[in-house]
Structures are given as C-alpha cells and as structure tokens.
Amino acid sequence: MELNGKQPESNPAKDILLSHWTDDRRTIYLWLHEEAPSLAELYESAVRLIFEIHIPGRVRLVSHCVREICNRLVFVKVGKKSGGRLNYVDRISQLTTLWKRKGFSIDGILPESGINSQASFPSSSPDITIPRDLFFEITNIIKEHEETSFQIDERVQLFFVECVPENQLYQNSLLPLVNQWKNFTTWFVGKAHDNGTVDADYNEERLLYHFQLFEQVLSTLAQSFYNTTDEIDDILEEANSSTA
C-alpha cells in the first residue's frame, strides 16, 4: 500500500490487516497530505487506531485526531479571521474578579440578606441590583460568545465553499452540511479529553458510526470534482437517520 509516495512499513502478513485502506481512505489521505501533511498523519493514526491497534485510551486518541483535523483543516483552507477564538477562561476570570470586587459572593449567598440562593424563599422577593459595569461585563461576554459562534458557523461555511467552489452561488444549501460538520466535531471534542471514562464505557458502534460519517464528509470534499451534490444528500440522509 502506497499512500504518500513512499511505502509504509509493511509485510505480506500485515497487508491483510491493511485491507481497510479502501480507495476512499487513500483518497482522503492523499488530499489531506496535499492540504496539510500533519493532518494526513493524524488521519492515518486515527484509521489505524480504529481498525488495527486497540490500545488503552484509543477512543480519546481517535477523538483528539478528529478534533484536530476538523479545526485545523478549516484554518488551512480559509485562514484566520479577525477576532479569533474567544478565550473563555480569561473572560470568566475577568468577570470573577469584577464580581468579587463589587462585593458579590460566589458561594450562593444573596447580597445583603445572608440567604442562600438555593434556599426556598417567596417569588415576591425583590430583584437583585447589580452595578452598571458588572452588568455590561456580563452582557459583553454573552455578546462575544454569540459573535464567536456566528464566526465559527461562517468559517465552516466558507471552508465548504472553498472546497466545493461550484456551491459559491448556493451557500445556503451548505448549511445542513455545516451543521453536520459541527455536530460530529462536537461529538469527538466531547471525548477528546479525559473525564474518567475508560474505553469499555464507550459504545463502539457509535464511535465507528461517527468516524465513518466524518470520513464520508472528507471523502466528498476530496472528490468534489464530481457528484458532489448527490454525495452530500447521501451523507445528510444517513446522518438524519440516526437518533444520536
């Protein structure tokens, strides 16, 4: 099997194990290698972890590979737009500092009452007044979150337009595919970090399903020279048939 112009480590016995390197997977690999060789490496690792090497932590490793491919591929194709990713840790830290400086507690105690916010008290209790600058800090974080979410949607849509130029005049038709991309990216992101769950706790069928959906989208983009619309419809029909 030859993927990127060089022969991978191989022997006749191992070639049987490599039968999962279908034409579609070879095409995806070659396309990724052309766009960003580092992503081709991650894709090869993910495929091997799915079909060849069942090592401890493989679900998290596969998820990390997919997450990096999805995020980085968009960056490679459309570049970085102004604003960038919202740094939630820094923004919440700033809000926490201001919150405390204004004399508000973070332990659930309502100001000037000593009543715990989790306690039961009449709904007629007066509203809580907060300083103007604290209010604007909260609304600004919400606004930045909304703007960042919109920018992500916009960047993913531009990514598909860049990969499938014939759809430039019909960008709205790409919205379902943009949403699907976001959905399976979110699925893998949720499993990319350790949360105390071991591989045995994950549903293997769901892992394979989402990985193959991820591959279907990549295959469509890699082979966007023909039958693009039909392939996108097939992907969306398959995706919508699943309840999870």
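All values derive from a computational prediction rather than experimental measurement.

(A) Looking closely at the packing of aromatic side chains. Applying the stated criterion across every chain, the model contains eight aromatic pairs. Judged by centre distance (5.7 Å) and plane angle (50°), the ring pair of Phe 211 and Phe 214 falls under tilted. On the criterion of helical spacing, the pair formed by Phe 211 and Phe 214 is a turn pair, its members being three residues apart in helix 8 (residues 204-222). One exposure class covers both Phe 211 and Phe 214, and it is buried. A network of ring pairs unites the aromatic residues Trp 21, Tyr 29, Tyr 43, Trp 181, Phe 184, Phe 211 and Phe 214 as a single cluster. For the cation-ring pair, Lys 191 lies above Trp 187, with the distance from its terminal atom to the ring centre recorded as 4.1 Å.

(B) Main features of helix 7 (residues 175-189). Between its first and last C-alpha atoms helix 7 spans 21 Å; for 15 residues at 1.5 Å apiece the expected length is 21 Å, and the two agree. Burial in helix 7 covers these residues: Leu 177, Val 178, Gln 180, Trp 181, Phe 184, Thr 185, Trp 187 and Phe 188.

(C) Local environment of the environment of Leu 39. Locating Leu 39 in the fold gives a position in helix 3 (residues 37-51). With a relative accessible area of 2%, Leu 39 lands in the buried category. Remark: the alpha-carbon pair of Leu 39 and Leu 73, spanning 34 residues in sequence, is separated by 7.8 Å. Beyond its immediate stretch of four places on either side in the chain, Leu 39 contacts Leu 32, Glu 68, Ile 69, Arg 72 and Leu 73.

(D) The nonpolar core, seen in detail. Formed by 43 residues in total, the largest nonpolar core has its most connected members in Leu 32, Tyr 43, Phe 160, Trp 181, Phe 211 and Phe 214. Looking at this core, the elements that each hand over two or more residues are helix 2 (23-35), helix 3, helix 4 (58-78), helix 6 (132-163), helix 7 and helix 8. The element contributing the most residues to this core is helix 8, with nine residues. Contact partners of Leu 32, with chain neighbours within four places excluded, come to Pro 37, Leu 39, Ala 40, Tyr 43, Ile 69, Leu 73 and Leu 218.

(E) Fine view of the packing of helix 2 against helix 8. With their axes 9 Å apart at the nearest point, helix 2 and helix 8 run at an angle of 65° to one another. One finds that helix 2 runs roughly perpendicular with respect to helix 8. Once helix 2 is placed against helix 8, the crossing between them reads as left-handed. Contacts between helix 2 and helix 8 pair Asp 24, Arg 25, Thr 27, Ile 28, Trp 31 and Leu 32 from the former with Gln 212, Glu 215, Leu 218, Ser 219, Leu 221 and Ala 222 from the latter. When the residues that make up the contact of helix 2 with helix 8 are grouped by side-chain class, the tally is six nonpolar, three polar and three charged.

(F) Focus on the packing of helix 4 against helix 7. With their axes 8 Å apart at the nearest point, helix 4 and helix 7 run at an angle of 140° to one another. Taken together, the axes of helix 4 and helix 7 lie oblique to each other. Crossing of helix 4 against helix 7: the hand is left-handed. Together, Val 62, Ser 63, Val 66, Arg 67, Cys 70, Asn 71, Leu 73 and Val 74 of helix 4 and Trp 181, Phe 184, Thr 185, Phe 188 and Val 189 of helix 7 make up the contact between the two elements. Class assignment for the residues of the contact of helix 4 with helix 7 results in nine nonpolar, three polar and one charged.

(G) Seen up close, the pattern of salt bridges. Across all of its chains, the model carries seven salt bridges by this definition. A salt bridge links Glu 204 to Arg 58, with the nearest nitrogen and oxygen atoms 3.1 Å apart. Here Arg 58 lies in helix 4 and Glu 204 lies in helix 8, a separation of 146 residues in the sequence. By relative accessible area, which is 5% here, Arg 58 ends up buried. Between Arg 67 and Glu 68 there is a salt bridge whose closest N-O contact spans 2.8 Å. Salt bridges sharing partners connect three or more residues here, namely Arg 60, Asp 194 and Asp 199.

Basis of the calculations
Residues numbered from 1 in each chain as written. Predicted model: local features only at pLDDT ≥ 70, side-chain atom pairs only at ≥ 80, totals over all residues. Heavy atoms only, no water. Phe/Tyr/Trp six-rings, centres within 6.5 Å; stacked < 30°, edge-to-face > 60°. Helix = DSSP H or I, 4+ residues; strand = E, 2+ residues; numbered from the N terminus. Buried < 20%, exposed > 50% of the residue type's maximum accessible area, 1.4 Å probe, protein only. Lys NZ or Arg CZ within 6 Å of the ring centre and 35° of its normal. Expected span 1.5 Å × (residues − 1). Contact = heavy atoms within 4.5 Å. Core = buried A, V, L, I, M, F, W, Y, C linked by side-chain atoms within 4.5 Å. Axes fitted to C-alpha atoms, helices over the stretch in contact; angles between N-to-C directions. Parallel < 35°, antiparallel > 145°, perpendicular 65-115°, else oblique. Left-handed = near helix turned anticlockwise from the far one by under 90°. Nonpolar A, V, L, I, M, F, W, Y, C, P; charged D, E, K, R; others polar. Salt bridge = Lys/Arg side-chain N within 4 Å of Asp/Glu carboxyl O.

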